[in-house]
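So you can see what is in the structure, the chains are spelled out below.
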Amino acid sequence: MSFASIMRQVVRKIELNNRQEKILQIVKENGPITGEHIAEQLNLTRATLRPDLAILTMAGFLDARPRVGYFYTGKSGTQLLTENLMKIYVKDYQAVPVVVKEDDSVYDAIVTMFLEDVGTLFVVDNKGHLAGVLSRKDLLRASLGKQELSAVPVNIIMTRMPNIAVCEKDDLLVDVAKNLIEKQIDAVPVVKKSAAGYEVIGRITKTNIAKAFVALADDD
Ligand code: ADP
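What counts as what
Residues numbered from 1 in each chain as written. Predicted model: local features only at pLDDT ≥ 70, side-chain atom pairs only at ≥ 80, totals over all residues. Heavy atoms only, no water. Helix = DSSP H or I, 4+ residues; strand = E, 2+ residues; numbered from the N terminus. Rg over C-alpha atoms; globule rule 2.2 N^0.38 Å. Buried < 20%, exposed > 50% of the residue type's maximum accessible area, 1.4 Å probe, protein only. Contact = heavy atoms within 4.5 Å. Areas by Shrake-Rupley, 256 points an atom, 1.4 Å probe, with all protein chains shown as cover. Lys, Arg positive; Asp, Glu negative; His and termini not counted. Charge placed at Lys NZ, Arg CZ, Asp CG, Glu CD. Axes fitted to C-alpha atoms, helices over the stretch in contact; angles between N-to-C directions. Parallel < 35°, antiparallel > 145°, perpendicular 65-115°, else oblique. Left-handed = near helix turned anticlockwise from the far one by under 90°. Nonpolar A, V, L, I, M, F, W, Y, C, P; charged D, E, K, R; others polar. Pairing = 2+ DSSP bridges.

A few words now on the overall build of the protein chain. What the protein chain contains, in helices and strands, is 10 helices and eight strands. Against the globule reference of 17 Å for 220 residues, the protein chain gives a C-alpha radius of gyration of 24 Å, more extended than a compact globule. For the C-alpha atoms alone, the extent of the protein chain along its principal axes is close to 80 × 35 × 30 Å. Here the protein chain holds 220 residues, and the buried ones make up 40% of them. Taking contacts inside the protein chain between residues at least 6 apart in sequence as the whole, the part at least 24 apart equals 59%. Of the accessible surface of the protein chain, which amounts to about 12,900 Å², a share of 52% is contributed by carbon and sulfur atoms. Charge separation in the protein chain, taken as the distance between the mean sites of 28 positive and 28 negative side-chain charges, equals 4 Å.

With that out of the way, let us pick up unusual backbone geometry. Excluding glycine, residues mostly have negative phi values, and the peptide bonds linking residues are mostly trans. Residue Gly31 is joined to Pro32 through a cis peptide bond whose omega torsion reads -5°. With respect to the element layout, Pro32 can be found in the loop between α2 (18–30) and α3 (35–42). Cis geometry is adopted by the peptide bond preceding Pro162, which originates at Met161 and carries an omega value of 5°. Inspection of the secondary structure puts Pro162 in the loop between β6 (159–160) and α9 (173–183). Unlike most non-glycine residues, Arg67 shows phi in positive territory, near 65°. Positionally, Arg67 belongs in the loop between β1 (62–65) and β2 (69–72). Of note in the backbone geometry, Asp117 takes a positive phi value of approximately 55° without being a glycine. Here Asp117 is to be found in the loop between α7 (106–116) and β4 (120–124).

It is the contact of α2 with α3, at a shortest axis distance of 11 Å, that shows an interaxial angle of 120°. Classified by the angle between their axes, α2 and α3 sit oblique to one another. Remark: the crossing between α2 and α3 carries right-handed chirality. Two secondary-structure elements touch here, α2 through Lys22, Ile23, Ile26, Val27 and Asn30 and α3 through Ile38, Gln41 and Leu42.

Contact geometry for α3 and helix α4 (residues 46–58): axes closest at 9 Å, N-to-C directions at 110°. Judged on the interaxial angle alone, α4 and α3 are roughly perpendicular. Where α3 approaches α4, its residues Gly35, Glu36, Ile38, Ala39 and Leu42 are matched on the opposing element by Arg46, Leu49 and Leu53. Counted by class, the contact of α3 with α4 contains five nonpolar, one polar and two charged residues.

For the rest of this paragraph, the subject is the pairing of β1. Note on strand geometry: in a regular strand, side chains alternate between the two faces of the sheet. Both β1 and β2 contribute to a ladder of four bridges, which runs antiparallel. Along β2, the bridge assignment pairs Arg65 with Gly69. Count of turn residues in the β1/β2 antiparallel hairpin: three residues, of which Arg67 carries a positive phi of about 65°.

Nothing here speaks to function; it is all geometry.
Pasting the structure below:
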């Protein structure tokens, strides 16, 4: 059961299947109640009920206490949606980063941006650590000058450390979304921090966030 499909069940509470609705009703009226007793009331085996109980619990409609049983949490759909949003992490949606080296030319960076079909490039130093960021407009701006683009290294025009907004794989996706909006940028690198510097291990863009959003509402 994927996280997204559980979330869909939360968002569309209406679409809980018949059996799940019955379980909710039984627990509402009789909780706390063991899985065994719910199964008895429905004339089903405990094993048959297990997936439905898992969905209802993971989605937050029910809570389970060892040796006590299931009880109804009474949380609203909105409450559950917020709680579940707080479980979507960068690592669930991060994409592969596209990096160039800081002495690569602006010309090569433009070619890379087209070939890799991304809107943001991350720049690394000769040790492979994050040194800067190049956006589409950074490259367009550089192209307006009279310089020979193959002779200009990207580190002349990039936005550089320490002014780069980054995230880590265990950060909440919603916090990254807030940061993108606040800083008016399209992407942040996912980094692994060490004393030597930041290793670039992924990227989160507005597209990844849109995908997470759509996954909550999509049927497939
Ligand atoms: P564009 O410039 O194509 O509209 P952005 O909005 O992402 O794309 O970039 C705006 C500016 O912010 C650019 O100068 C870019 O170098 C810089 N920038 C982009 N991403 C970051 C980031 N993660 N941290 C800091 N600055 C960034």
